[in-house]
Amino acid sequence: MIHPIVRYGDPVLETPSKAVEKFDEELQTLVADMFESMYAAQGVGLAAPQIGTSRRVCVIDVSLGKNLEAKIVCTNPEIIHAEGEQREEEGCLSVPGFRGHVARPQYVTVRAQDAAGKEFEMRGEGLLARAFCHEIDHLNGILFITHLSILKRDMIKRKIRKLKKAGDW
Ligand code: NI
């Protein structure tokens, strides 16, 4: 089922998510819904709070659905190693229409559990490393705009306030 993407301003996006303990049917449905919602919104990653569920689950596919093997499910993920630096433009489905340059590690290694609860480690480079950092930030209640300069962040917040007033957010 495709869920609407929660937008900046909803407190769920700034609340740390709870750890997943049960790898049951409900979790499988959540994961399937997250992939569906992410592809519908043409994103490369989605975290559970973005569809209103405060659980430590994220899905990533930097191939945008072109490569089945690129589908990644991370529950309870943590970054156990980071290396190098990249500085690229970043956006977020929860902050549509706004982008900004964010410094991230060039390589990260993530330890997580898959949808069945099996632990794995995965190393990501470039866009995948960025996606891991961005999605794990979401699970900690942190949005990419937090990493922008105060000036840029305030400008985005001001514009969003205007959009809200006009009923366009
Ligand atoms: Ni995001």
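This text goes with the structure placed above it.
The structure presented is a predicted model; accordingly, all values stated were derived computationally and were not measured.

Caption draft 1: Fine view of the overall build of the chain. Check the secondary structure of the chain and you find 3 helices and 7 strands. Reading the secondary structure of the chain in the N-to-C direction produces α-β-β-β-β-β-β-β-α-α. Taken over C-alpha atoms, the radius of gyration comes to 15 Å for the chain, in line with the 15 Å a tight globule of 169 residues would show. Judged by the C-alpha coordinates and their principal axes, the chain covers about 45 × 35 × 30 Å. In the chain, which comprises 169 residues, the share counted as buried stands at 46%. Considering only contacts in the chain between residues 6 or more positions apart, those separated by 24 or more positions represent 62%. As displayed, the chain has an accessible area near 8900 Å², and 51% of this comes from carbon and sulfur atoms. Looking at the chain, you have 23 positive and 24 negative side-chain charges, and the mean spots of the two groups are 9 Å apart.

Caption draft 2: Main features of unusual backbone geometry. Despite not being glycine, Gln42 has its phi angle at roughly 55°, a positive value. Counting through the fold element by element, Gln42 comes out in the loop between α1 (25-40) and β1 (45-47).

Caption draft 3: Up close: α1. The terminal C-alpha atoms of α1, which comprises 16 residues, lie 23 Å apart, in line with the 22 Å expected from a rise of 1.5 Å per residue. Residues of α1 that are buried sit in contact with β1, β2 (57-60) and β3 (72-83). After α1 finishes, the residue Gln42 shows a positive phi value of roughly 55°.

Caption draft 4: Spotlight on the coordination of the nickel ion. Every protein donor of the nickel ion is accounted for by Cys92 (SG), His134 (NE2) and His138 (NE2), and the metal-donor separations fall at 2.0 to 2.3 Å. Expressed as a motif, the donor residue spacing for the nickel ion is C-x41-H-x3-H. With His134 and His138 both in helix α2 (residues 127-139) and 4 residues apart, this pair spans about one turn of that helix. By relative accessible area, His134 is classed as buried at 7%. In this structure His138 comes out as buried when scored by relative accessible area, which is 1%.

Caption draft 5: Spatial organisation of helix α3 (residues 150-165). Spanning 16 residues, α3 covers 22 Å between terminal C-alpha atoms, matching the ideal 22 Å at 1.5 Å per step. The set of residues buried in α3 consists of Arg153, Ile156 and Ile160. In an axial view of α3, the angular spread of the buried residues amounts to 65°, which keeps them on one side of the axis. What points out from α3, more than 90 degrees from its buried face, is the exposed set Ile150, Leu151, Arg161, Lys162 and Lys165.

Cut-off values and rules
Residues numbered from 1 in each chain as written. Predicted model: local features only at pLDDT ≥ 70, side-chain atom pairs only at ≥ 80, totals over all residues. Heavy atoms only, no water. Helix = DSSP H or I, 4+ residues; strand = E, 2+ residues; numbered from the N terminus. Rg over C-alpha atoms; globule rule 2.2 N^0.38 Å. Buried < 20%, exposed > 50% of the residue type's maximum accessible area, 1.4 Å probe, protein only. Contact = heavy atoms within 4.5 Å. Areas by Shrake-Rupley, 256 points an atom, 1.4 Å probe, with all protein chains shown as cover. Lys, Arg positive; Asp, Glu negative; His and termini not counted. Charge placed at Lys NZ, Arg CZ, Asp CG, Glu CD. Expected span 1.5 Å × (residues − 1). Donors = N, O, S within 2.8 Å, 3.2 Å for Na, K, Ca; no water. Arc of directions from axis to C-beta.

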